Amino acid sequence: MSTSSKARTAIVTGASKGIGAGIAKALAGAGAAVVVNYREDEEGAERVVAAITAEGGRALAVRADVAGGDDVRRLFDRAREEFGPVDVLVNNAGVATFAPLSGITEEEFQRQMSTNLLGTILTTQALAAQDDIGSASIVNVSTAGTLTHLVYASLYVASKSAVNAFTVVAAKELGPRGIRVNAIMPGPSDTEGTRAMGFPGSAQEAQAVAGTPLGRTGTPADYGPLVAFLASDDARWITGDVILASGGMR
Ligand SMILES: NC(=O)c1ccc[n+]([C@@H]2O[C@H](COP(=O)([O-])OP(=O)(O)OC[C@H]3O[C@@H](n4cnc5c(N)ncnc54)[C@H](OP(=O)(O)O)[C@@H]3O)[C@@H](O)[C@H]2O)c1
């Protein structure tokens, strides 16, 4: 947000930990007032808010399940009450499980599709429903797995491939209103989520590092600067793009 004189209001979904927390801190560092959304981890969200305010930034934690329309409306209402119209939205909340095809249940299909895809659609609708915003920027967090076609992740990759397609089409629909829509595709990264899956120290991690030209896995701090750029007026001519941010893994 370096060249923008306008103070922005940002919502980052799933910002109580991991990549979302890194993005929330970077946006606050670039001058935005940030709503730190979470679903369950209130303590984690409050820690992110405290880290932002300790640096002189503005932030507020708001619980909401992005997969529910009522929760999403409440999230936007609360953000607007506290900071004004929302003109930056980062759809980071996401869930994944890795399983062979035979392990995909209807319940897991609903869980991943409703968080990763429906959540992105509901928040995008809520941002666009505001009739008092000027230009705005939406950044969707996809995965490099949509390019590498990550094995045993067919459901997750399908949900994020749909997010990539949604990004491009929504950018066409919302462009005439000055609302830009882009996505980033992170590579395998060290987060609370991947730690819970046993990724650090695993054979999969070694394989990911071997396949990454920059020779390591990602960290939450790697994505914030890119998202802050996409949210800023410096990126005013970029929309409908899906950007790989994976240390070169493809
Ligand atoms: N880490 C990686 O290697 C990697 C690679 C590529 C892409 N990504 C993508 O990057 C994003 C973040 O990943 P991460 O590894 O940082 O995740 P993480 O550590 O597991 O954190 C997930 C975050 O999403 C929130 N969340 C989950 N479901 C939600 C819902 N229905 N409503 C609102 N918030 C919800 C969680 O909130 P609570 O904990 O408060 O419930 C948490 O803040 C995801 O979209 C993921 O697919 C990650």
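Just so you know, the residues in each chain are numbered from 1, in the order the chain's sequence is written. In keeping with the model being predicted, local features are shown solely for residues with a pLDDT of at least 70 and side-chain atom pairs are shown and tallied solely at 80 or more, while totals for entire chains, interfaces and linings include all residues. In computing side-chain properties, one takes all heavy atoms of the structure into account and sets aside hydrogens as well as water.

Colleague: Any chance you could break down empty space enclosed by the protein for me, citing the residues and the numbers?
Modeller: Site definitions follow a grid-based scheme: protein atoms alone, a 1 Å grid, a 1.4 Å probe that fits but cannot get out for cavities, and for pockets an open set with protein on both sides within 12 Å along at least five of seven lines, plus lining residues having an atom within 4 Å of a point. Grid points are joined across faces, edges and corners, and a volume is the space filled by probe spheres set on the points. The tally for this structure, following the rule as stated, stands at one cavity of 30 Å³ or more. Taken together, Thr-13, Val-66, Asn-91, Asn-92, Ala-93, Thr-115, Gly-119, Thr-120 and Thr-123 make up the full set of residues lining the largest cavity. Secondary structure is summarised from DSSP: a helix means a run of H or I of at least four residues, a strand means a run of E of at least two, and numbering begins at the N terminus for each. At four residues, helix α4 (residues 106–128) tops the list of elements feeding residues into the lining of the largest cavity. Class assignment of the residues belonging to the lining of the largest cavity gives a composition of two nonpolar, seven polar and no charged. Charged means Asp, Glu, Lys or Arg here, nonpolar means Ala, Val, Leu, Ile, Met, Phe, Trp, Tyr, Cys or Pro, and polar covers whatever is left, Gly included.

Colleague: I'd like a rundown of the pairing of strand β6 (residues 179–186), residues and numbers included.
Modeller: Relative accessibility under 20% of the residue-type maximum defines a buried residue, over 50% an exposed one, and the middle range a partly exposed one, all with a 1.4 Å probe and only protein chains included. Buried residues dominate β6, accounting for eight of its eight residues. By the alternation rule, side chains of β6 split into Ile-179, Val-181, Ala-183 and Met-185 and Arg-180, Asn-182, Ile-184 and Pro-186, which are all buried. Note on pairing: DSSP must find at least two bridges between two strands before they are called paired. For strand β5 (residues 136–141) and β6, the ladder comprises six bridges, and the chain directions are parallel. Bridging across to β6, Ile-138 finds its partner in Val-181. Judged from the four bridges that link them, β6 and strand β7 (residues 242–245) form a sheet pairing that is parallel. Bridge pairing in β7 places Met-185 opposite Leu-244.

Colleague: Could you give me a rundown of the site of the ligand, with the residues and numbers involved?
Modeller: Neighbouring residues are identified by heavy atoms, a residue being near a molecule or strand if any of them is within 4 Å of it. Taken together, 32 residues lie near the ligand, and Ser-16, Lys-17, Tyr-156, Ser-189 and Thr-191 sit nearest. Asp-41 has a polar backbone atom sitting 2.8 Å from an oxygen atom of the ligand. Val-66 has a polar backbone atom sitting 3.0 Å from a nitrogen atom of the ligand. Relative to its unbound accessible surface of 910 Å², the ligand loses 91% to contact with the protein. Elements supplying a minimum of two residues to the shell around the ligand: α1 (18–29), β2 (33–38), α6 (154–174) and α7 (192–196). Polar contacts, as counted here, are pairs of nitrogen or oxygen atoms within 3.5 Å of one another; within protein the pair requires one atom able to donate a hydrogen and one able to accept it, and residues that are adjacent in sequence qualify only if both atoms are side-chain atoms. Using a 1.4 Å probe, the Shrake-Rupley method yields the accessible areas, and only the shown protein chains count as cover for residues.

Colleague: Please set out the packing of helix α3 (residues 69–83) against α4 residue by residue, giving values where relevant.
Modeller: Two elements in contact, α3 and α4, have axes whose closest approach is 10 Å; the angle formed by their N-to-C orientations is 40°. In terms of axis orientation, α3 runs oblique to α4. Crossing handedness for the pair α3 and α4: right-handed. Note on element contacts: α4 touches α3 through Leu-122, Thr-123, Ala-126 and Leu-127, opposite Gly-69, Val-72 and Phe-76. The angle between two axes is taken between their N-to-C directions and runs from 0 to 180 degrees, where each axis is a line fitted to C-alpha atoms and a helix contributes only its stretch in contact. In what follows, roughly perpendicular refers to angles from 65 to 115 degrees, roughly parallel to angles under 35, roughly antiparallel to angles over 145, and oblique to any angle outside these ranges. Crossings are assigned a handedness: left-handed for a near helix turned anticlockwise from the far helix by less than a right angle, right-handed for a clockwise turn. Here a residue-residue contact requires only that any non-hydrogen atoms of the pair lie within 4.5 Å.

Colleague: An account of α6 is requested, with residue identities and associated values reported.
Modeller: The terminal C-alpha atoms of α6 lie 30 Å apart, and with 21 residues this matches the ideal 30 Å at 1.5 Å per residue to within 8%. Listing the buried residues of α6 in full gives Leu-155, Tyr-156, Val-157, Ser-159, Lys-160, Val-163, Asn-164, Phe-166, Thr-167, Ala-170, Ala-171 and Leu-174. On the buried face of α6, the contacting elements are α4, β5, α5 (145–148), β6 and β7. Given the number of residues in a helix, its expected span is that number minus one, multiplied by 1.5 Å.

Colleague: Give me the pattern of salt bridges: which residues, what numbers.
Modeller: Here a salt bridge means any side-chain nitrogen of Lys or Arg lying within 4 Å of a carboxyl oxygen belonging to Asp or Glu. Across all of its chains, the model carries 13 salt bridges by this definition. Residues Lys-17 and Asp-41 are paired through a salt bridge, measuring 3.0 Å at the closest nitrogen-oxygen approach. Of this pair, Lys-17 sits in the loop between β1 (9–12) and α1 while Asp-41 is found in the loop between β2 and α2 (42–54), placing the two residues 24 residues apart along the sequence. For Arg-78, the salt bridge identified is with Glu-81, shortest N-O distance 3.2 Å. Taken together, the positions of Arg-78 and Glu-81, both in helix α3 and three residues apart, correspond to about one turn of that helix. With a relative accessible area of 31%, Arg-78 lands in the partly exposed category.

Colleague: Just give me the short version of the side chain of Asn-37, but keep the residues and values in it.
Modeller: Mapped onto the elements of the fold, Asn-37 is located in strand β2. Among the polar contacts listed, one links the side chain of Asn-37 to the backbone oxygen of Val-62, at a separation of 3.2 Å. With near-sequence residues (within four places) excluded, Asn-37 lies in contact with Val-12, Thr-13, Gly-14, Ala-15, Ser-16, Val-62, Arg-63, Ala-64, Val-66 and Leu-75.

Colleague: Can you lay out the sheet that holds strand β4 (residues 88–91) for me, pointing to particular residues and giving the numbers?
Modeller: Strands sit in the order β3-β2-β1-β4-β5-β6-β7 across an open sheet of seven strands; the sheet is parallel. Where the open sheet ends on each side, the last strands, each with one partner, are β3 (58–63) and β7. Neighbour-to-neighbour, the strand axes of the sheet open up by a mean angle of 20°, direction not taken into account. Lying over the sheet, α4 contacts β4, β5 and β6, oriented at roughly 175° with respect to β4.

Colleague: Give a description of the nonpolar core that names residues and reports values.
Modeller: Counting 31 residues, the largest nonpolar core has Val-12, Ile-23, Ala-24, Leu-27, Val-34, Val-36 and Val-90 as its most contacted members. When residues of this core are traced back to their parent elements, those giving at least two are β1, α1, β2, α2, β3, β4, β5 and α9 (224–231). Considering each element in turn, this core owes the most residues, six residues, to α1. Aside from chain neighbours lying at most four places away, what touches Val-34 is Ala-10, Val-12, Ala-24, Leu-27, Ala-28, Arg-58, Ala-59, Leu-60 and Phe-83. What is meant by a nonpolar core is a set of buried Ala, Val, Leu, Ile, Met, Phe, Trp, Tyr and Cys residues, joined one to another through side-chain atoms within 4.5 Å. Grouped together as the second largest cluster of nonpolar side chains are 26 residues, Val-62, Phe-83, Leu-89 and Ala-128 included.

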